[in-house]
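Observations on chain architecture
Chain by chain, the residues run as shown.
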Amino acid sequence: MTDATEKGNSPPKRRIGSIFLWLLAAAIVCAFYESILLLVIGMIPTGIALALDRSQHKDQARSVGYLNFAGCLPWAVDFWVSGGNLDRVFEIVGDPLVLAVMYTAAATGWALCFILRPFVAAYLAVAVDYREGQIKKRQDELVAEWGEEVRDGIAESAEAEAD
Amino acid sequence: MTAGTGGAVVASDRYQIDPERPLPEYDEGSSRAFAATDLRDGGSGVYAILPDPNLPLRLTAITRLRRIDNVNLLHTPTWDVVHWPTEGRRRPVIIVERPKGQRLFATPDARIDPFREEPLVRRLLQPMAVLIEELTYAGVVHRNIRAENLYFDGTEIDRAPIMLGECVSAPGGYRQPIVYETIECGMAHPAGRGEGSVANDFYALGVTAAFLLAGRNPLAGLSDEAVIAEKLSKGSFGALLNSARIPSALIEVFRGLLNDDAADRWSLEQLQMWLGGRRGTPKQQIRPSKASRPLEIGGHPYLTARSVAEALSRHWDEALNLVQAGTVDDWLRRGLADEDRIEAVNNAKEIDEGAETINDTTLTRICFALDPSAPVRMRNFRAMLDGIAMLLACRYTEEPVRADFVTFVRQRLIDYCLGVNARLRPDIYRLAGAFDRLAPSIARDDIGYGIERALYTLSPSAHCRSPLFERDYVAELYQLVPALERLAQTRAGALDTLVDRHIAAFVAARAKAPITPELRALRDAKDHFDFALPAARILAIAQDEGMSSAAPALCGVVATMLEPALERFHNRNTRDAIRSRIKEIAATGSIHALIGAVDDHETLLIDDEMFHVAADEYANTEQRRERLEYERKNRVSISRMVSSQVASLLSGTIATVAVLVTILVKLI
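Residues numbered from 1 in each chain as written. Chains lettered and ligands numbered in written order. Predicted model: local features only at pLDDT ≥ 70, side-chain atom pairs only at ≥ 80, totals over all residues. Heavy atoms only, no water.

1. Some remarks on the interface of chain B and chain A
What counts, and what does not: Should any heavy atoms of two residues lie within 4.5 Å, those residues are considered in contact. Summed over both partners, the accessible area lost on bringing two parts together, with a 1.4 Å probe, is the buried area. For this document, the term salt bridge refers to a Lys or Arg side-chain nitrogen within 4 Å of an Asp or Glu carboxyl oxygen. Whenever two N or O atoms come within 3.5 Å, that pair is a polar contact, provided that in protein one can donate a hydrogen and the other can accept it, and provided that, for residues adjacent in sequence, both atoms are side-chain atoms. Segments assigned H or I by DSSP are reported as helices when at least four residues long, segments assigned E as strands when at least two residues long, and all are numbered from the N terminus. As a working rule, the residues Ala, Val, Leu, Ile, Met, Phe, Trp, Tyr, Cys and Pro are called nonpolar, Asp, Glu, Lys and Arg charged, and the rest polar, with Gly in that last group.
Between chain B and chain A, the contact holds 44 residues from the first and 41 residues from the second. Summing both sides of the interface, chain B and chain A together bury roughly 3,800 Å²; the carbon and sulfur share of this comes to 67%. On inspection of chain B and its partner chain A, the count reaches seven salt bridges. With its nearest N and O atoms 2.8 Å apart, the salt bridge here joins E132(A) to R632(B). The interface formed by chain B and chain A includes 13 residue pairs in polar contact (both at pLDDT 80 or more). Those elements that provide at least two residues to the side of chain B that touches chain A are α23 (572–588), α25 (601–633) and α26 (635–667) of chain B. Here the side of chain B that touches chain A gets 22 residues from one element, more than from any other, and that element is α26(B). When its residues are assigned to classes, the side of chain B that touches chain A shows 18 nonpolar, 12 polar and 14 charged.

2. Things to note about the confidence of the model for chain A
The criterion, for reference: Every residue is assigned a pLDDT by the predictor, reflecting its confidence on a scale from 0 to 100.
Considering every residue of chain A, the mean pLDDT works out to 85; 87% of them sit at 70 or more. Overall, residues 1–7 of chain A carries pLDDT values under 50, and its contacts beyond four positions in sequence, including any with other chains, amount to one contact.

3. Observations regarding the packing of helix α2 (residues 117–138) of chain B against helix α4 (residues 198–214) of chain B
Helix-helix packing: each pair is described by the crossing angle between the helix axes and the interaxial distance. Residue and element names in this part refer to chain B. Counted only if it meets this: All axes here are fitted lines through C-alpha atoms, helices being fitted over the stretch that makes contact, and every angle between N-to-C directions spans 0 to 180 degrees. Working definition: roughly parallel below 35 degrees, roughly antiparallel above 145 degrees, roughly perpendicular at 65 to 115 degrees, and oblique for all remaining angles. Crossing handedness is read from the near helix: turned anticlockwise from the far helix by less than a right angle, it gives a left-handed crossing, and turned clockwise, a right-handed one.
One way to put it is that α2 packs onto α4 with a least axis distance of 11 Å and a crossing angle of 165°. With respect to their mutual orientation, α2 and α4 come out roughly antiparallel. With respect to the hand of their crossing, α2 and α4 are arranged in right-handed fashion. Each of L120, L124, L125, M128, I132 and T136 in α2 lies in contact with α4, whose residues at this interface are V198, D201, F202, L205, T208, A209, L212 and L213.

4. Here's the deal with the packing of helix α16 (residues 426–443) of chain B against helix α17 (residues 450–458) of chain B
Residues and elements named next belong to chain B. Packing of α16 against α17 leaves a shortest axis separation of 8 Å and a crossing angle of 155°. The angle between α16 and α17 places the two elements in the roughly antiparallel class. For the pair α16 and α17, the crossing hand works out as right-handed. For the pair α16 and α17, the contacting residues are A434, F435, L438, S441 and I442 in the first and G450, R453, A454, T457 and L458 in the second. Of the residues that constitute the contact of α16 with α17, the class distribution is six nonpolar, three polar and one charged.

Shown next as structure tokens:
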């Protein structure tokens, strides 16, 4: 009864909040549509990366996005400082150099993912071997001190967990 | 005990015994006498008795007799267990004061110059009355008073005082020829005559006086059965003295001392009054009633209930038939016409009302009903009520005796006897209580119970019959651990058990502390170790209560037996530490301390807890190892994921710096 009441109460609250956010977003877009257009065009690589990145945390897309944003920021700041309109936006994004900087920054972020891969793989291999050695050493110490029956504790624990 | 020089044996660190010098003149039945010397007082003459090892000694009497200092008693200063070199085993020895003269009677059938009235009173009756009084106060019944056990305390046999010999090398009454025993004790097996009371001593004194008066055994040449038959038909006074010329002044004392009714027999007070000069009319004993016609048993006719009962018990199989056929009933009704006896016999039969044939138990009851003062008799088991336990102790190795004893207890024959005979001594009732309390233990066959428990509980002097002590002698608790220590010193490797049924029952009977939990653990033991720990606890109790000396060799054996106990500790370091500690403790010889080290519950608990912690840690490491294996197999995908994460982090850092720089540059 209470759950039903709670269920009945929460959707309206969430709906109101969500509507408010959409309205706010719409207001921002209407108010700053030139800046947003500039960033949208400049961060097209980020959008692509987001679409292509299937991982849970979207780390690759983030890597691209952070540097892509950093690449777009100088011209965005210029636009905000100098003031401008839609024509100024098209003027900025029409400059190939500007787009090159923006997209090169994004590409750098993408490249980082691939460049780091072999280094990370090598490190992981060494770390796994080292940790395995430490584990084996500790197991040998436990067996030497407590006898082979300490291994049976695993079976007993598994049985206890199953029960 | 220590070994003396030249193969001599030393008892109680004081008396040197020479096994090569027997003294046959002091032998008593199966006990042998040997020359001995008091190392502290060379002037005091002593000799050593080597008793029959199968007979329990009267150890309590030895202790109590030390309090008596009477010139007419041969003192028994001490007893000990010594290594007897000619047999290569340990035997008990008793040290006895050596008389200065010879025996009065060298053999039961010897002849001496008859004593006249005055010397008889002055040299025998008066000093013996004083001695019996002192014995009574010390709580000792001599039960070995007879002419052959009297010694002259000097070489002048006409004047030397008479000394009474020892009475502790055999059960009470065991060595007495049948003529010295009352009619009822005479009917019992010598080992079953019981400790008796001072009334038995007075009777024996009377017979002894009769011997001295006649200068011979008045019933010499008669068999034991004939002696009893003679006493039954004529009474003890008539049987012993009818053919003798008795001074009239002595008739009264003989009638008093030889009265076959223990209740009417003279007590110390009456004897002292007579010795003091008070004279009364000699009291004739009331003779038992005779039947108008005899009952024939074993080809002989019998006229009284007592003689019929004795004859039935001596001709058992024929007796069963006679009772079954109703012949005995018929004789009782028509011949004896004794209503009390008839009712008693009928009551005895009614107990087994459902049985179609007369069995041994019923016949035993019938014999007792016919003669309630007689011993309990079942085939060859013949014992006074206070002699049943001693008969078992003396003849324990005979299986029929053990079986009959168990039957006595299971059929509650002692309770029956108490119901039939209301004139028993108070100590008999206490004994019956002991049997009652013991009945459940006898019914159990578990270790520490059974007939072994009965043996050691009812006979406080019975030695332990464990096969481990075949060449040793353990009669008291304090001797147990030292005996095992000697065994351990010579046979350590060959000992696979230290507590058997006999030892368990012996400790259970003798120790003050109850050992029921240990006995239960022994019963439930599934393997050698399960048995070893409670067995060790029992020995620890014996060592502590007996205040026995240290037993390092025994502790070594116990430590070896308890070795599996260390398996209970999981931690190897703990095991090694306890193992070292056990070795140190074993050297001290304290079994109690040894058990404390092995069975330390606190350490066990901690070890168990720490083991579980270790097992959990091991399980945890296994999980981590499995995780590592997973990482190794999926290294490509994991490195891709991690590199993306690192790139993201790096990218974010670079971007942050770039943003900050941009803002600074653009805005400043």
